[in-house]
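Observations on the model geometry
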Amino acid sequence: MNTVTIIFLLAVVLSLALQLWLGQRQYRFVRQHRDAVPAAFRDHISLEAHQQAADYTLAKLRFGKVELLLGTALLLIWTLGGGLNLLDQFWRAMSLSPILTGLAVIFSFMLISTLLDIPLSLYRTFRLEERFGFNRMTGKLFVADFARNMLLAVLIGGPLLWLILWLMQDASPWWWLYVWAIWMGFSLLMMWAYPAFIAPLFNKFSPLDDGALRERIEKLLARCGFRSNGIFIMDGSRRSSHGNAYFTGLGDNKRIVFFDTLLKSLTPDEVEAVLAHELGHFKRRHIQKRIGVVAVMSLVGLALLAWLLDYPPFYHGLGVSQPSTYIALLLFMLVMPVFSLYLQPLMAAFSRKHEFEADDFAAEQSDAGTLIEALVKLYKENASTLTPDPVYSAFHDSHPPAPVRIAHLSSKLS
């Protein structure tokens, strides 16, 4: 058996075992604490709401286990099972140019993967989310979203993928540096363009017309030195009753966005506190830091891909008979998550550090007690578990666990 095959199988087994173990820890921990509201939340969240959040978390974990097992099976079918090889041989028989063959293989793989995911998406949306009262999606909107996503993948992803495959095939041995520069430029362009050109294809954005709230927000923006291209309300309730707020974009194209569901549940003071937290990410330069981390990781990944590109056992050990640039790219994207799983705790810790810093900034610009009240409402309305397993949380949670975050903010109260 090829050494690459042995390493890959070992990595798949270890990854699957780790994820199943983490999921079981979370399931057991949440269920054990289902019948008692944590002390810090007893004055704000009822036992019934706490139990609903626990049940919602347990239901997602059960469904996540099914997704994990199916995903692992599909990974093995695509690789060692010969799925990618069959797809490659099918398109090679069409006698297209190497780049067109690569585009056809990658887009047909994406289409098949998306179609296979539809039953899971339907269950997640219309059964799981519906059961707990969060779903607002209609069948018509589900189909429309699917069509728009596919169209954007072709119109935006097609030219980018063509350029990447051309560089991999015809550029110098340093093609991976050119691809990295183009990828980073494309990512920054999308961050700039998304608010004005892509997001409106999926949601309606209306300028905030509440005079008093708008004035309050503009004063906060002025204090923080934040220039935006507008304050908008997004019709998030079209798809879900979950609430959120964020700012998006780069340069002069930054926007403040509130879900309409959020504004219905929070007071003006609480809205200001939540926005102050989001602005904390801007003032502490978290966006730039995250872009920097992504830049370094993508550069290392492309350098590794450049080495694997000319390493025949990489292809043969993963079920592909004929090496090619496009197959190398596709195999790399397929197998890397199995190996990068162990970076998740580091990335999660990095993200949680930023969340603490943003909370500290919000406590300075508004009021820590008001932010606590807003967060508790959001935990309740989004049915977020108040009792996550610490080890599971270390791998999966980009935000601090609710009790830890509330305790941190409470220490800021005068």
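Here's what I pulled together on the structure shown here. (Residues numbered from 1 in each chain as written. Predicted model: local features only at pLDDT ≥ 70, side-chain atom pairs only at ≥ 80, totals over all residues. Heavy atoms only, no water.)

**Here's the deal with the environment of Ser384**
Along the polypeptide, Ser384 turns up in the loop between α14 (368-381) and α15 (390-396). Judged by its relative accessible area of 26%, Ser384 falls in the partly exposed class. For the pair Ser384 and Gly81, spaced 303 residues apart in sequence, the C-alpha to C-alpha distance is 39 Å. Not counting residues up to four positions away in its chain, the partners in contact with Ser384 are Ala53 and Tyr379. (Helix = DSSP H or I, 4+ residues; strand = E, 2+ residues; numbered from the N terminus. Buried < 20%, exposed > 50% of the residue type's maximum accessible area, 1.4 Å probe, protein only. Contact = heavy atoms within 4.5 Å.)

**With respect to the environment of His286**
Within the fold, His286 resides in helix α10 (residues 286-309). Residue class for His286 comes out buried when judged on its relative accessible area of 0%. On a C-alpha basis, the gap between His286 and Ala104 in space is 38 Å, while along the polypeptide they are 182 residues apart. Once you skip the residues sitting within four places of it in the chain, His286 turns out to touch Gly280, His281, His354, Glu357 and Ala358.

**Concerning the sheet that holds strand β1 (residues 205-207)**
If you walk across this open sheet you meet the 4 strands as β1-β2-β4-β3, and the pairing is mixed. Of all strands in the sheet, those bounded by a partner on one side alone are β1 and β3 (245-248). The average undirected angle you get between the axes of adjacent strands in this sheet is 30 degrees. Both β1 and strand β2 (residues 231-234) contribute to a ladder of 3 bridges, which runs antiparallel. Note that in β2 the partner of Ser206 across the bridge is Ile233. Docked against the sheet, helix α7 (residues 211-224) engages β2 and β4 (255-259), running at close to 125 degrees with respect to β2. (Pairing = 2+ DSSP bridges. Axes fitted to C-alpha atoms, helices over the stretch in contact; angles between N-to-C directions.)

**What to know about the layout of surface pockets**
In this structure, the second largest pocket occupies an estimated 990 Å³ of space. Taken together, 29 residues line the second largest pocket, and the ones lying closest to its centre are Trp183, Ser298, Leu302, Phe332 and Met333. Elements that contribute at least two residues to the lining of the second largest pocket include exactly α4 (98-131), α5 (139-170), α6 (175-198), α10 and α12 (325-340). Here the lining of the second largest pocket gets 8 residues from one element, more than from any other, and that element is α10. Tallied by class, the residues present in the lining of the second largest pocket amount to 24 nonpolar, 5 polar and no charged. (1 Å grid on protein atoms, 1.4 Å probe; cavity = no way out; pocket = protein on both sides within 12 Å on 5 of 7 lines; lining within 4 Å. Points joined across faces, edges and corners; volume = space filled by probe spheres on them. Nonpolar A, V, L, I, M, F, W, Y, C, P; charged D, E, K, R; others polar.)

**Overview of the nonpolar core**
Counting residues in each nonpolar core, the largest one holds 46 residues, and the members touching the most others are Phe41, Ile217, Ile256, Phe258 and Leu279. For this core, the element with the highest residue contribution is α14, accounting for 8 residues. Those residues in contact with Ile217 that lie beyond four places of it in its chain are Leu208, Ile231, Phe258, Val271 and Leu275. The next biggest cluster of nonpolar side chains, apart from the first, holds 42 residues, and it includes Leu161, Leu309, Val335 and Val338. (Core = buried A, V, L, I, M, F, W, Y, C linked by side-chain atoms within 4.5 Å.)

**Regarding the pairing of β2**
Side chains Ile231 and Ile233 project from β2 onto one buried face, and the interleaved Phe232 and Met234 project onto a second face that is buried too. Inspection of the sheet shows β2 paired to β4 by 4 bridges, in the parallel sense. Bridge assignment links Phe232 to a residue of β4, and that residue is Val257.

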